[in-house]
Amino acid sequence: MCLLQPVKAHIWRYTAVMECYHHSYTRPRIAAFRQGRAVDLRELLAVSVEAAAVGGREVKRVREQNALEEKSKGKTREGAKEMLTLGDLYSHRKMYHLIKSTFPFVKVNSEEHDDVADQESAVWDHVIPEDIRHKITESREVPAESITVWIDPLDATQEYTEGLRQYVTTMVCVAVDGEPVIGVIHNPFTGYTAWAMVGGGSNVNARPSYNTQSPRIIVSRSHAGKVKPFIQEAFGNDTVILPAGGAGYKVLSLLDIPEEKYEKADVYVHVTYIKKWDICAGNAILKALGGHMTTLKGEEIDYAGSEANEGGLLASLLVNHKALVEKLPNRENEKHN
């Protein structure tokens, strides 16, 4: 705390203010810079939660105004149309610029790319929400250079254009040295947000139990036909397969979510190529709760490198994940041109 000592009457106020500024702001900032631009992960979690929410407001606004202006970005590796809407774009602007303005030295990878600065969204009030301060009581600093932030400004765009709002999420993930540490999944239409920090805390829990003998397995609704024989070979012909949109929704289906619209699955399987901004947030949340998200071969996914995850996906929570991997059929990862 700065003690304000009067000088001369006409310069007292200026001198006092500048002295406080020098001690409470300048020196800590210089020290942080000298220490390698350290980032407080609790603050980054708070900004990630806020970014998912402000992006979600854009997603909801565009959908409710029916102003999608949808167009195709091209095709996925599987040949399906990859859609882009104003919801994707406006959400990206809000999320990306909020994170970059607050933590300019961290690397941010987003599904969308846009050069338009959005100064309105580029301000964080530096207030850590009560639920985060309650669950995570201590700060944890890491070098900014070790951080990669993955944002998905609108997960399940195809379902978004079809009005299937339950599948739509905005997501933020923080990876440190390639390992997922912070995950945020937000549904813009219900307002529900799940967040977790590995080794810290979370606002969501695992369910009491999961069935791996005859599991309910959630899969991509656009690839349900392709994954069905793969799952039946592993778990039997009577296995319940739940087609759904959005990787974020699929992870939420594994959790104890206080929302009736979410299906309850025991395992999440994806057999084709998938981007890391689709899965990183869910990976971090599952990891924080004692779960796993790996390739189909059981390999950990590195979130420091390229955007591509070529090895498919197997996600589970509070079960023997290795035993699940061993049940899967041996197969070469699909190669796409």
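Residues numbered from 1 in each chain as written. Predicted model: local features only at pLDDT ≥ 70, side-chain atom pairs only at ≥ 80, totals over all residues. Heavy atoms only, no water.

Participant: Give me the lowdown on the packing of aromatic side chains, citing residues and values where you can.
Facilitator: Inspection of every chain in the model, using the stated rule, returns three aromatic pairs. An angle of 50 degrees between the planes, with centres 6.2 Å apart, marks the rings of tryptophan 150 and tryptophan 277 as tilted. Of this pair, tryptophan 150 sits in strand β6 (residues 147-155) while tryptophan 277 sits in helix α8 (residues 276-288), and the two are 127 residues apart along the sequence. For tryptophan 277, a relative accessible area of 5% corresponds to the buried category. Here tyrosine 249 and tyrosine 262 contribute two aromatic rings whose centre-to-centre distance is 5.2 Å and whose plane-to-plane angle is 25 degrees, an arrangement assigned as stacked. Taken as a pair, tyrosine 249 in helix α7 (residues 247-252) and tyrosine 262 in the loop between β14 (255-256) and β15 (267-270) lie far apart in primary sequence, 13 residues in all. Tyrosine 262 matches tyrosine 249 in its accessibility class, with the two residues each being buried. Members of the aromatic cluster, joined through ring pairs, are Tyr167, Tyr249 and Tyr262. The cationic tip of arginine 37 hangs over the ring face of phenylalanine 105; the distance from NZ or CZ to the ring centre is 3.9 Å. (Phe/Tyr/Trp six-rings, centres within 6.5 Å; stacked < 30°, edge-to-face > 60°. Helix = DSSP H or I, 4+ residues; strand = E, 2+ residues; numbered from the N terminus. Buried < 20%, exposed > 50% of the residue type's maximum accessible area, 1.4 Å probe, protein only. Lys NZ or Arg CZ within 6 Å of the ring centre and 35° of its normal.)

Participant: Requested: an account of the sheet that holds β15, with residues and values cited.
Facilitator: A sheet is described by the order of its strands in space; here five strands give the open sequence β13-β12-β15-β19-β17, paired in mixed fashion. The sheet is open, and its two edges are formed by β13 (240-244) and β17 (292-294), each paired on a single side. The mean inter-strand angle of the sheet, taken between neighbouring strand axes irrespective of direction, is 20 degrees. (Pairing = 2+ DSSP bridges. Axes fitted to C-alpha atoms, helices over the stretch in contact; angles between N-to-C directions.)

Participant: So what's going on with the pairing of strand β12 (residues 216-220)? Which residues, and what values?
Facilitator: Most of β12 is tucked away: four of the five residues are buried. Inspection of the sheet shows β12 paired to β13 by five bridges, in the parallel sense. Bridged to serine 220 within β13 is alanine 244. Note that β12 and β15 share two bridges and pair parallel. By the bridge assignment for β15, isoleucine 217 is matched with valine 267.

Keep in mind that these numbers describe shape and distance, not what the molecule does.
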